[in-house]
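# Analysis of the macromolecular model
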Amino acid sequence: MHTSSDCLLLGLLMSSFLLAVCRTSGGEAFKPNYDESKVPPYTLPDPLTLANGEKVTDARSWQARRRPEVLGLFQTHVYGRSPGRPMDMTFELTSQIRDALGGIATRKEVSVYFTGRKDGPKMDMLIYLPNNAKKPVPAFLGLNFGGNHAIHSDPGITLSRQWMRDSKEAGVVNNRATEASRGKEASRWQVEKVLQRGYALATIYYGDIEPDFAEGWKMGVRAALSPKGADTAFAPDEWGAIGAWAWGLSRALDYLEADADLDAKRVAVIGHSRLGKTALWAGAQDERFAITISNDSGCGGAALSRRAFGETVERINNAFPHWFCGNFKRYNLKEADLPVDQHQLIALIAPRPVYVASAEEDRWADPRGEFLSAKHAEPVYRLFGEKGLGVEDMPPVNQPVGDTIGYHIRTGNHDVKEYDWEQYLKFADRHFGR
Ligand code: GTR
């Protein structure tokens, strides 16, 4: 027999259970949709139609009128606005070894002092140059997750002293890297392969620019470059962490332009996952990047937000409140209200070559949504007389397609593999006329 207070208790328990199940914010209760038939019907914003309803029909008016409009929408609603190159920025070559990696490479380490002060904010770049290639060489440039020393077991790479996510398996104790993390990410970088193909490889630890946690900006460039420092209250259209990381890539390119060993006009910016989102945003804003490569970038990267397949706008904003600008949170569960979708991010890269890669098991990143973004960027490439992707349907696994827009979905998980690099190298060879 139940008393009325039992019933009340039961009722309260049930309603809190229901609330917990229905709640989509805050992590645990989020249930990603992986069912294609449950993708909501959606209409994508037309990349070619101006805010006043007019359609641009040629490359010149895209460049002069529509491109700035679309770029402005991404700044205001998605990634936030970033500053330009700081006036007083300086570079310092801190080491140079001509017989690195058994003699095949020259290894340089360069510090970029954002305010020109050695005790101010800085990032440290690691560069490998192929010794047997004619200078200046083209390059791949990308941020890394684990410190420069994690991309190769080369004992000469300076161990990062920056804040790292704490994980003993990754060789990090009390948020500091140890020797145990040297070479931990080597499979993701394929250094020798890149060098043998005649390319340089330049990389920076993303945490040099901003440590990747909600309050990490206080230790990064967003605070360092703001007059109010760690007391800054960002306007809803000011840069988030992805904006800061992308800004760092542009500052790295500033250095490459100043180094006579490198051909800054042939730099491919590359990134995986959150750093793939970052590479796309860098390539979209900074037209000096000759090629942009997005490896498994997913939500807020190459994947269409309106499909809400796998990771969604709401989920990403809750889990990573620091990545995007304040305004992006207005679109939680309201993807249809977004004035842009991610195909327009790819369109901003036109007519420059862009490569979008997915992995079959990486459903969280929505491989089909990544393909469709690449596809729907095509009208802008066509204005420039470029084919773009040049296929109608998503290809089978391990069958790369594309022309100015490259695409593949490989077998396997969310990662950067040798297979991915092989495709990027071929793509770069083709577009750099090698
Ligand atoms: C996940 C996040 C993704 C992706 C990934 C990564 O947790 O939900 O958007 O960026 O991290 O960067 O590894």
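Residues numbered from 1 in each chain as written. Predicted model: local features only at pLDDT ≥ 70, side-chain atom pairs only at ≥ 80, totals over all residues. Heavy atoms only, no water.

## Notes on the pairing of strand β9 (residues 291-295)
- In terms of burial, β9 is largely enclosed, as 5 of its 5 residues are buried.
- Residue alternation in β9 divides its side chains into two sets, Ile-291, Ile-293 and Asn-295 and Thr-292 and Ser-294, and both sets are buried.
- Pairing between strand β8 (residues 262-272) and β9: 5 bridges, direction parallel. Within β9, the residue paired with Val-269 across the bridge is Thr-292.
- A crossover links β8 with its parallel partner β9, the connecting element being helix α7 (residues 274-285), and its sense is right-handed.
- Two elements, β9 and strand β10 (residues 354-359), share 4 bridges in a ladder whose sense is parallel. (Buried < 20%, exposed > 50% of the residue type's maximum accessible area, 1.4 Å probe, protein only. Helix = DSSP H or I, 4+ residues; strand = E, 2+ residues; numbered from the N terminus. Pairing = 2+ DSSP bridges. Right-handed = clockwise from strand over helix to strand, strands pointing away.)

## Some details on the side chain of Ser-373
- Its place among the elements puts Ser-373 in helix α10 (residues 367-376).
- Excluding residues that lie within four positions of it along the chain, Ser-373 makes contacts with Ala-302, Ala-303, Leu-304, Gln-342, His-343 and Ile-346. (Contact = heavy atoms within 4.5 Å.)

## Some details on the site of the ligand
- Every residue close to the ligand is listed here: Ser-273, Arg-274, Lys-277, Glu-311, Ile-316, Phe-320, Trp-323, Trp-364 and His-414.
- One of the side-chain nitrogen or oxygen atoms of Lys-277 is found 2.8 Å away from an oxygen atom of the ligand.
- Trp-364 is positioned with one of its side-chain polar atoms (N or O) 2.9 Å from an oxygen atom of the ligand.
- Contact with the protein chains hides 80% of the accessible area of the ligand, taken as 320 Å² for the molecule alone.
- Split by residue class, the shell around the ligand holds 4 nonpolar, 2 polar and 3 charged. (Near = heavy atom within 4 Å. Polar contact = N/O pair within 3.5 Å; in protein donor to acceptor, adjacent residues only side chain to side chain. Areas by Shrake-Rupley, 256 points an atom, 1.4 Å probe, with all protein chains shown as cover. Nonpolar A, V, L, I, M, F, W, Y, C, P; charged D, E, K, R; others polar.)

## Quick look at the pattern of salt bridges
- Following the criterion strictly, the structure yields 35 salt bridges and no others.
- Arg-266 serves as the salt-bridge partner of Asp-263, at 2.6 Å between the closest nitrogen and oxygen.
- A single network of salt bridges, built from pairs that share partners, joins Arg-251, Asp-254, Glu-257, Asp-286 and Arg-288. (Salt bridge = Lys/Arg side-chain N within 4 Å of Asp/Glu carboxyl O.)

## Some details on the side chain of Asp-208
- Within the secondary structure layout, Asp-208 lies in helix α4 (residues 206-209).
- Look at Asp-208: it is buried, it has no salt bridge, and the nearest opposite charge is Lys-122 at 6.8 Å.
- With near-sequence residues (within four places) excluded, Asp-208 lies in contact with Lys-122, Met-123, Asp-124 and Gln-162. (Lys, Arg positive; Asp, Glu negative; His and termini not counted.)

## Observations regarding the nonpolar core
- In this structure, Met-125 and Leu-256 are the most contacted members of the largest nonpolar core, which totals 90 residues.
- In terms of residue count, helix α6 (residues 241-258) provides more of this core than any other element does, 11 residues in total.
- Among the nonpolar cores identified, the runner-up in size contains 28 residues, and Phe-140, Leu-195, Leu-425 and Ala-428 belong to it. (Core = buried A, V, L, I, M, F, W, Y, C linked by side-chain atoms within 4.5 Å.)

## Focus: the sheet that holds strand β3 (residues 122-130)
- Ordered by their spatial adjacency, 10 strands build an open sheet running β1-β2-β3-β7-β4-β8-β9-β10-β12-β11, and the pairing between neighbours is mixed. The strands lining the two open edges of the sheet, one partner per strand, are β1 (90-100) and β11 (401-402).
- Relative to strand β12 (residues 405-410), β10 runs parallel, the two being bridged by 6 bridges. Bridged to Val-356 within β12 is Tyr-407.
- In the packing of α7 onto the sheet, the strands contacted are β4 (137-144), β8, β9 and β10, and the crossing angle to β8 comes to about 145°.
- Each of β4, β7 (200-205), β8, β9, β10, β11 and β12 touches helix α12 (residues 418-431); the most contacted strand, β12, lies at about 165° to it. (Axes fitted to C-alpha atoms, helices over the stretch in contact; angles between N-to-C directions.)

## Concerning unusual backbone geometry
- In this structure, Pro-136 follows Lys-135 across a cis peptide bond, with omega equal to -5°.
- A cis amide bond, omega 0°, links Ala-350 with the succeeding residue Pro-351.
- Inspection of the secondary structure puts Pro-351 in the loop between α9 (342-347) and β10.
- One non-glycine residue, Ser-273, adopts positive backbone phi at about 60°.
- One can find Ser-273 in the loop between β8 and α7.
- Note on Ser-273: relative accessible area 13%, which makes it buried.

## Considerations on α7
- The terminal C-alpha atoms of α7, which comprises 12 residues, lie 17 Å apart, in line with the 16 Å expected from a rise of 1.5 Å per residue.
- Within α7, 11 of the 12 residues are buried, which leaves the element mostly enclosed by the surrounding structure.
- Every buried residue of α7 is listed here: Arg-274, Leu-275, Gly-276, Lys-277, Thr-278, Ala-279, Leu-280, Trp-281, Ala-282, Gly-283 and Ala-284. (Expected span 1.5 Å × (residues − 1).)

## Focus: the packing of aromatic side chains
- Inspection of the entire model under this criterion finds 23 aromatic pairs.
- Centroid distance Phe-145 to Tyr-206: 5.3 Å. Interplanar angle 65°. Geometry classified as edge-to-face. Placement of the pair is Phe-145 in the loop between β4 and β5 (172-173) and Tyr-206 in helix α4, with a sequence separation of 61 residues. Note on accessibility: Phe-145 and Tyr-206 belong to one class, buried.
- On the numbers, 3.8 Å between centres and 5° between planes, the contact of Phe-320 with Trp-323 is stacked.
- Among the residues examined, Trp-323 registers a relative accessible area of 2% and is labelled buried. (Phe/Tyr/Trp six-rings, centres within 6.5 Å; stacked < 30°, edge-to-face > 60°.)

## Thoughts on the packing of helix α2 (residues 59-79) against α7
- The interhelical angle for the contact between α2 and α7, taken along N-to-C directions, is 145°, at an axis separation of 11 Å. In this structure, α2 crosses over α7, and the sense of that crossing is left-handed. Across the interface between the two elements, Arg-67, Leu-71, Phe-74, Gln-75 and Tyr-79 of α2 pack against Trp-281, Ala-284 and Gln-285 of α7.
- Of the residues belonging to the contact of α2 with α7, the class tally is 5 nonpolar, 2 polar and 1 charged. (Left-handed = near helix turned anticlockwise from the far one by under 90°.)

## Comments concerning the state of the cysteines
- All chains considered together, the criterion is met by 0 disulfides.
- With no disulfide of its own, Cys-299 lies closest to Cys-325 among cysteine sulfurs, the gap being 14 Å.
- Its relative accessible area of 1% is what places Cys-325 among the buried residues. (Disulfide = S-S within 2.5 Å.)

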